[in-house]
Amino acid sequence: MTLSLDTLRRQAKSLRKAHERGDAEAAERLRLMAPRPAGEALRHADYLHVIAREAGFDSWPRLKFAAETLGLDRAERLQALRLAVFNGRPWAAEALLADDPALAEGAPDLAVALYDRAAVEAALAADPGFARAWIGRRTPMLHLAFSYWFRARPDLEGEMLAIAELLLAHGADLDEGMPWPDDPGHRLSPLYGAIGHTGNMALADWLLRQGANPNDNESLYHATELGHHRALKLLLAHGAAPSGTNALLRAMDFHDHEAVRLLLAHGARPDDFNPRAVGGAAPAVIPALHQAARRMSDGRMVALLLEAGAEPGHIWQGAGAYAMARAYGNRALAEALEARGAATELSREERLLAAAAEGSETGGARLDPKALPEAFGSLMRELVHLPEKLAHMRRLVALGLPFDAPDGVDRIPPVQVAGWEGKPEVLAWLLSLGPDLDYVNGYGGTLLSTILHGAEHCPARETRDHIACARLALEAGVALPRVLIERCGREDMAEFLVDWAEARAGAQG
């Protein structure tokens, strides 16, 4: 099939014009394809969507992807297939393979990632050392664990596990990790790939049953982010040790009482922290009550921690738990500490922070950011994560707290956090204050790439509006490199970006 994108774009424009002048046939085409609920205003992307559906594709990005790949040579299409399989775009991989079912032939990494057992058996027969060989940045077991293909083909679970068995029988190391790009000494295990990268519970279960190390410094932490407890229970059942990890603190990020209970029952300690670990390359682990303050934990969570022995008197980065509770506006924690006689006197700056949190009058006072304990250096950034904190943040800025200071670890400023969280109202306010739109965070991310990452990975993404955030960023003048469109793993976001780029004669880059 030969597709002309220019022709299809013209068809979309013609459909839009016909619909806007009240053409009955155009209205019926839109009704049949239902790009959005009746009564909602239509955009250019909706007309492109109808054209794509009429051409037999689920969306415009899928049609555009098919049209663009028809002209690629095999090497380029192979690379596109790899990006799709390992970056969470199984629909793009399906499109490539539908056009050329033999595309992955001769590519051993894709034979593993696409669960082609016959090809893996042939590779092992030709070279028994294949199971431990490095193919690019991964061994075959890592290619299996970092593949998203199970989402497109859950019917191939048996083949996937059979390949895992074959690799293990031929000497594959279950704990051989992939070097982290920015830190070769830090490695990501197959278990992390299955749990923290793809969410492949069937493979995670198999790896643990075969003896994979549950204490790989990543999997337990990321098991708290999945919205279910299957991975966490699997890891704990196979000997994962929460003590000395950030897993408890991460579970508190999601107000997950059951996860916290499980971790405490398996040895997590509320005050397993290093008071000297401030700044530097590794994040400081903080006392649990300080974490409860900045995550706005409820009374039930506070009670769990206090019953487990959390100490109210710890000082972290110059601040006590009571001062943290007041500065963040966490009344549940403040009242629990007051009831235990653990309330402490606040400094002038801490009183101003508490007033901002509580909405109290400050008489025009201004705080001195340099006089604040280090614990409050990321206050603005941390508040972005929390619900209903915009008014609180406005009061802090009025007091003189910097609005765009990045944290000291990941170097992510509040404006990028708002984008990652998918909070357009907060993002719009921060953009109005004039942040640095060219800023690159500690992960190498820009505002737009951070929004796109949040659209795929923010735990609350289903209830947030990352597309509105992307629109705000683009309207503010942030560049749209073509590579961000090509690697976008969420279809509705990809469709929006395509529409934006098409309406402006193509993306940059």
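Up top is the structure these notes are about.
Bear in mind that the values here come from a model prediction, so they are computed numbers and not experimental data. (Residues numbered from 1 in each chain as written. Predicted model: local features only at pLDDT ≥ 70, side-chain atom pairs only at ≥ 80, totals over all residues. Heavy atoms only, no water.)

Draft legend 1. The arrangement of the packing of helix H1 (residues 5-20) against helix H4 (residues 60-69) in detail. Two elements in contact, H1 and H4, have axes whose closest approach is 11 Å; the angle formed by their N-to-C orientations is 155 degrees. As judged from the angle between their axes, H1 and H4 are roughly antiparallel. On H4, the residues that touch Leu5, Leu8 and Arg9 of H1 are Trp60, Leu63, Lys64, Ala67 and Glu68. (Axes fitted to C-alpha atoms, helices over the stretch in contact; angles between N-to-C directions. Helix = DSSP H or I, 4+ residues; strand = E, 2+ residues; numbered from the N terminus. Parallel < 35°, antiparallel > 145°, perpendicular 65-115°, else oblique. Contact = heavy atoms within 4.5 Å.)

Draft legend 2. Focus on the pattern of salt bridges. Evaluated as defined, the whole model comprises 21 salt bridges. Residue Arg117 pairs with Glu159 through a salt bridge whose shortest N-O separation is 2.8 Å. Of this pair, Arg117 sits in helix H8 (residues 117-126) while Glu159 sits in helix H11 (residues 157-169), placing them 42 residues apart in sequence. Two residues, Asp253 and Arg295, come together in a salt bridge whose shortest N-O distance is 2.4 Å. With Asp253 in helix H16 (residues 247-253) and Arg295 in the loop between helix H18 (288-294) and helix H19 (299-307), the pair connects residues that are 42 residues apart, well separated along the chain. A single burial state applies to Asp253 and to Arg295, both of which are buried. (Salt bridge = Lys/Arg side-chain N within 4 Å of Asp/Glu carboxyl O. Buried < 20%, exposed > 50% of the residue type's maximum accessible area, 1.4 Å probe, protein only.)

Draft legend 3. Just the packing of aromatic side chains, in detail. The final tally for this structure, using the stated rule, is two aromatic pairs. Aromatic pair Phe146 and Tyr192: ring centres 6.1 Å apart, planes at 55 degrees, arrangement tilted. On the criterion of sequence distance, the pair formed by Phe146 in the loop between helix H9 (140-145) and helix H10 (149-152) and Tyr192 in helix H12 (residues 190-198) is long-range, its members being 46 residues apart. Residue classification places Phe146 among the buried positions, given a relative accessible area of 2%. Note on Tyr192: relative accessible area 10%, which makes it buried. Judged by centre distance (6.2 Å) and plane angle (50 degrees), the ring pair of Phe496 and Trp500 falls under tilted. Of this pair, Phe496 and Trp500 both sit in helix H30 (residues 491-503), four residues apart, roughly one helical turn. Given the relative accessible area of 5%, Phe496 is considered buried. Judged by its relative accessible area of 14%, Trp500 is buried. Stacked on the ring of Phe86, the Lys or Arg Arg138 has its end atom at 4.6 Å from the ring centre. (Phe/Tyr/Trp six-rings, centres within 6.5 Å; stacked < 30°, edge-to-face > 60°. Lys NZ or Arg CZ within 6 Å of the ring centre and 35° of its normal.)

Draft legend 4. Quick look at H19. Taken residue by residue, H19 has Met301, Val302, Leu305 and Leu306 as its buried positions. Looking down the long axis of H19, one finds its buried residues gathered within 130 degrees of arc, a one-sided arrangement. Set apart from the buried face of H19 by more than 90 degrees, the exposed residues are Arg300 and Glu307. In this fold, the buried residues of H19 make contact with H16, helix H17 (257-265), H18 and helix H21 (331-339). At the C-terminal side of H19, Gly309 shows a positive phi close to 100 degrees. (Arc of directions from axis to C-beta.)

Draft legend 5. The environment of Met493, seen in detail. Here Met493 lies in helix H30. As for Met493 and His466, which are separated by 27 residues in sequence, their C-alpha atoms are 7.9 Å apart. Non-local contacts of Met493, meaning those with residues more than four positions away in its chain, are made with Ile451, Leu452, Ala455, His466, Ile467, Ala470 and Cys488.

Draft legend 6. Quick look at the packing of H11 against helix H13 (residues 201-209). Running from N to C, H11 and H13 point in directions that differ by 30 degrees, and their axes come no closer than 10 Å. Here H11 lies roughly parallel to H13, going by the angle between them. The handedness of the crossing between H11 and H13 is right-handed. Contacts between H11 and H13 pair Glu157, Met160, Leu161, Ala164, Glu165 and Leu168 from the former with Ala202, Leu203 and Trp206 from the latter. Considering only residue class, the contact of H11 with H13 consists of seven nonpolar, no polar and two charged. (Left-handed = near helix turned anticlockwise from the far one by under 90°. Nonpolar A, V, L, I, M, F, W, Y, C, P; charged D, E, K, R; others polar.)

Draft legend 7. Structural view of unusual backbone geometry. Despite not being glycine, Asn217 shows a phi value in the positive range, around 70 degrees. Examined against the element boundaries, Asn217 turns out to sit in the loop between H13 and helix H14 (219-223). Note on Asn217: relative accessible area 70%, which makes it exposed. One non-glycine residue, Met296, lies in the positive phi region at around 55 degrees. Locating Met296 in the fold gives a position in the loop between H18 and H19. According to the relative accessible area criterion, Met296 is partly exposed, its value standing at 25%.

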